[in-house]
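# Summary of structural features
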Amino acid sequence: MAGVGLRAVARCGLLCGSHGGRRAASSSPSCPGCGPPGPGPHCPGAPRSAPSPAPAGGTELSEHLWARYQDMRRLVHDLLPPEVCSLLNPAAIYANNEISLRDVEVYGFDYDYTLAQYADALHPEIFNAARDILIEHYKYPEGIRKYDYNPSFAIRGLHYDIQKSLLMKIDAFHYVQLGTAYRGLQPVPDEEVIDLYGGTQHIPLYQMSGFYGKGPSIKQFMDIFSLPEMALLSCVVDHFLSHGLEFDQTHLYKDVTDAIRDVHVKGLMYQWIERDMEKYILRGDETFAVLSRLVAHGKQLFLITNSPFSFVDKGMRHMVGPDWRQLFDVVIVQADKPSFFTDRRKPFRKLDETGSLHWDRITRLEKGKIYRQGNLFDFLRLTEWRGPRVLYFGDHLYSDLADLMLRHGWRTGAIIPELEREIRIINTEQYMHSLTWQQALTGLLERMQTYQDAESRQVLAAWMKERQELRCITKALFNAQFGSIFRTFHNPTYFSRRLVRFSDLYMASLSCLLNYRVDFTFYPRRTPLQHEAPLWMDQLCTGCMKTPFLGDMAHIR
């Protein structure tokens, strides 16, 4: 969007003379959207001659507001030619923090959804198996079997209020995004959501998820495996509600969670993947290319995963080849993350080729050997891999990355497969135009709220309605129920807040590393804080630098 911003600056300079350019011929001394200036200064750098008086009110003022609206529509249209779309690269790596790969000597990896990327076809398998476990082993109603997995229902990062059976999207400031709260498969009216939380959309910190996404009654679903879990939870709640069946919310939540856990613990998921790796494992060749390239440049590699060795071994043989262990200096399986990063009590144990455990004490971690459990403190002592020269990649912000960044100072990279699809949506003309006009309209509302006569309030109400419609349009482009995993209407989501806090880099897959040199330096873009220089059209052309009530406050100064 940088090019758009520059065009906005240039265009605004022509319209209001705020950047040294000539003023366009106009009966109004202010730029489109500013309207007649208030008691304070108007557009930055504009001539200091006395402004023309504002319309007196009534119909004349209403027409003036709509004229400013039309001027802004034309400006937005001029700023967004067709070539403005497709600016973002889905295969790029995005930086939250400055990091030079030249300084990274050791690369670490999780396995599931990091080294091994899985096809979406895995999710309905998990859903169906857990649904059948609920019916056959937990004695849930047979009617639940009529539900099939809906891949477009939920998104990652949602919160679930166990006591209220409420699945919802929460922003970085702990506010529920209205229109994104569901009980079962049905949306909950905004008024009911506000009433459920004591007259507010805000969820207090003590009720919110803790450090690992689990609060006293609210859980955040943070990994990709949670998508079928959220879908099943919603379907089961829907069945009970639609049939008028009484149920205990806590019991239902625990049963669904246990059924999903059983799919993993019983090894069902492992069996499906091992039977048809071509179907379920994506980008295996690219994973091999990333690992071999790092080794060729003298980097040390390690693997820490919660998955069992037999499963990892078969997957790595499929992607990399029978000698895959020669690429890694240390391989740790069934690590029990996140406890691996915080609990000092579990020692490492060596596994042999058959998967049997050895009883000898581990005094060093050998290349080509397989280790189980252990803890990070022994890992650091035995390897001396410390601080920012280590970069670890994982898909779970809490279990994989949080402790490593906050407690140990490692560099971290988040694998976010959803990023690829979201960037493709952002690159569409529909999204770009909707968002840009929404921003411009918000700027108009901010500036014109000084007019409070009856006719002006009607105009402002029409603009507010249009703004809300635009927000719903942009939300639905990502997901009809919950929108983007990264944004509420305007704020970052709670998921985004954690992503920025716990990762130096984030990307759609490890294959994105192939697009960069091994000594590349990532520089995060300097995004302006609210009090810093205005860089966007709605700020430049709607008077964000003005103080609307400066005249009224003069007696205080």
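Quick caveat: nothing in here was measured; it's all calculated off a predicted structure. (Residues numbered from 1 in each chain as written. Predicted model: local features only at pLDDT ≥ 70, side-chain atom pairs only at ≥ 80, totals over all residues. Heavy atoms only, no water.)

### Thoughts on the UniProt feature "binding site: Mg(2+)" (unreviewed entry) in the protein chain
According to UniProt, the feature "binding site: Mg(2+)" (unreviewed entry) maps to D110 and D395 in the numbering used here. The named residues occupy 286 residues along the chain; their greatest pairwise C-alpha distance, 7.7 Å, places them in one compact cluster. By secondary structure assignment, the location of D110 is in the loop between β3 (106-109) and β4 (117-118). According to the relative accessible area criterion, D110 is buried, its value standing at 7%. The contacts of D110, once residues within four sequence positions are left out, are L115, L303, I304, T305, K337, Y392, F393, G394, D395 and D400. Within the local environment of D110, its side chain forms a polar contact with the side chain of K337, the two groups lying 2.9 Å apart. Counting through the fold element by element, D395 comes out in the loop between β15 (390-394) and α13 (397-406). Among all residues touching D395, those that are not within four sequence positions of it are D110, D112, Y113, T114, R156, D223, I224, D400 and I415. (UniProt positions renumbered as here; feature names shortened; annotations may be inferred. Helix = DSSP H or I, 4+ residues; strand = E, 2+ residues; numbered from the N terminus. Buried < 20%, exposed > 50% of the residue type's maximum accessible area, 1.4 Å probe, protein only. Contact = heavy atoms within 4.5 Å. Polar contact = N/O pair within 3.5 Å; in protein donor to acceptor, adjacent residues only side chain to side chain.)

### Things to note about the UniProt feature "active site" (unreviewed entry) in the protein chain
According to UniProt, the positions carrying the feature "active site" (unreviewed entry) are D110 and D112. Along the chain, D112 falls in the loop between β3 and β4. A relative accessible area of 11% means that D112 is categorised as buried. For D112, the residues in contact, after removing those within four places along its chain, are Y118, F225, T305, S307, F311 and D395.

### Description of a negative patch on the surface
On the surface, D276, E278, D285 and E286 cluster together to form a negatively charged patch. Structurally, E286 is set in helix α9 (residues 284-296). Residue classification places E286 among the partly exposed residues on the basis of a relative accessible area of 32%. (Patch = residues over 30% accessible without salt bridge, like charges linked within 9 Å, V, L, I, M, F, W, Y side chains within 5 Å. Areas by Shrake-Rupley, 256 points an atom, 1.4 Å probe, with all protein chains shown as cover. Salt bridge = Lys/Arg side-chain N within 4 Å of Asp/Glu carboxyl O. Lys, Arg positive; Asp, Glu negative; His and termini not counted. Charge placed at Lys NZ, Arg CZ, Asp CG, Glu CD.)

### A look at the sheet that holds strand β5 (residues 159-161)
Whenever strands of a sheet pair, they do so through backbone hydrogen bonds, lying parallel or antiparallel. On the basis of which strands lie adjacent, the open sheet formed by 5 strands has the order β8-β7-β6-β5-β9 and antiparallel pairing. Both edges of this open sheet fall to β8 (186-187) and β9 (218-220), since each of them pairs with a single strand only. The sheet contact formed by strand β6 (residues 166-170) and strand β7 (residues 176-183) spans 3 bridges and is antiparallel. The residue bridging M168 from the neighbouring strand is A181, located in β7. (Pairing = 2+ DSSP bridges.)

### Quick look at the sheet that holds strand β11 (residues 300-304)
The strand order across the open sheet built from 9 strands is β1-β17-β16-β15-β3-β11-β12-β14-β13, with neighbouring strands paired in mixed fashion. Strand pairing shows two members of the sheet lacking a second neighbour, β1 (94-95) and β13 (348-351), which therefore form its edges. Of the pairings in the sheet, the one linking β3 to β15 comprises 4 bridges and is parallel in character. In the strand pairing of β15, G108 is matched with Y392.

### Description of the packing of helix α7 (residues 268-275) against helix α10 (residues 309-319)
Here α7 crosses α10 at 20°, and the two axes come no closer than 10 Å. Classified by the angle their axes make, α7 and α10 are roughly parallel. For the pair α7 and α10, the crossing hand works out as left-handed. Of the residues in α10, those touching α7 at Y270, I273 and E274 are S310, F311 and K314. Among the residues forming the contact of α7 with α10, the class breakdown is 3 nonpolar, 1 polar and 2 charged. (Axes fitted to C-alpha atoms, helices over the stretch in contact; angles between N-to-C directions. Parallel < 35°, antiparallel > 145°, perpendicular 65-115°, else oblique. Left-handed = near helix turned anticlockwise from the far one by under 90°. Nonpolar A, V, L, I, M, F, W, Y, C, P; charged D, E, K, R; others polar.)

### What about the nonpolar core?
Core analysis: the largest hydrophobic core is formed by 137 residues, its most contacted members being F328 and F379. If you tally residues by element for this core, the top one is helix α5 (residues 226-242), at 9 residues. Once residues within four sequence positions are removed from consideration, F328 is found in contact with F109, L115, L291, L301, F302, L303, M316, K367 and G368. Among the nonpolar cores identified, the runner-up in size contains 20 residues, and L65, L79, L80 and V459 belong to it. (Core = buried A, V, L, I, M, F, W, Y, C linked by side-chain atoms within 4.5 Å.)

### Quick notes on the packing of aromatic side chains
Within the structure shown, the criterion is met by 36 aromatic pairs. With 5.0 Å between their ring centres and 75° between their planes, W66 and Y69 make a pair best called edge-to-face. You can see W66 and its partner Y69 sitting in helix α2 (residues 58-79), 3 residues apart, about one turn around the helix. The interplanar angle of 90° and the centroid separation of 5.8 Å between the aromatic rings of F153 and Y182 together place this pair among those described as edge-to-face. Linking F153 in the loop between α3 (122-136) and β5 with Y182 in strand β7, this pair joins segments that are 29 residues apart in sequence. With respect to class, F153 is no different from Y182; both count as buried. Counting every residue linked through ring pairs, the aromatic cluster contains F302, F379, W385, Y392 and W410. (Phe/Tyr/Trp six-rings, centres within 6.5 Å; stacked < 30°, edge-to-face > 60°.)

### Brief notes about the pattern of salt bridges
The tally for this structure, following the rule as stated, stands at 31 salt bridges. Across the pair R68 and D71 runs a salt bridge, and its minimum N-O distance is 2.5 Å. Highlighted residues: R68 and D71, both in helix α2, separated by 3 residues, approximately one helical turn. Residue classification places R68 among the buried positions, given a relative accessible area of 10%. A relative accessible area of 19% places D71 in the buried class. Residue E420 pairs with R283 through a salt bridge whose shortest N-O separation is 2.7 Å. Taken together, the residues E420 in helix α14 (residues 418-426) and R283 in the loop between β10 (281-282) and α9 connect sequence positions 137 residues apart. Among the charged side chains, a salt-bridge network with shared partners connects R131, D132, E136, E142, R145 and D148.

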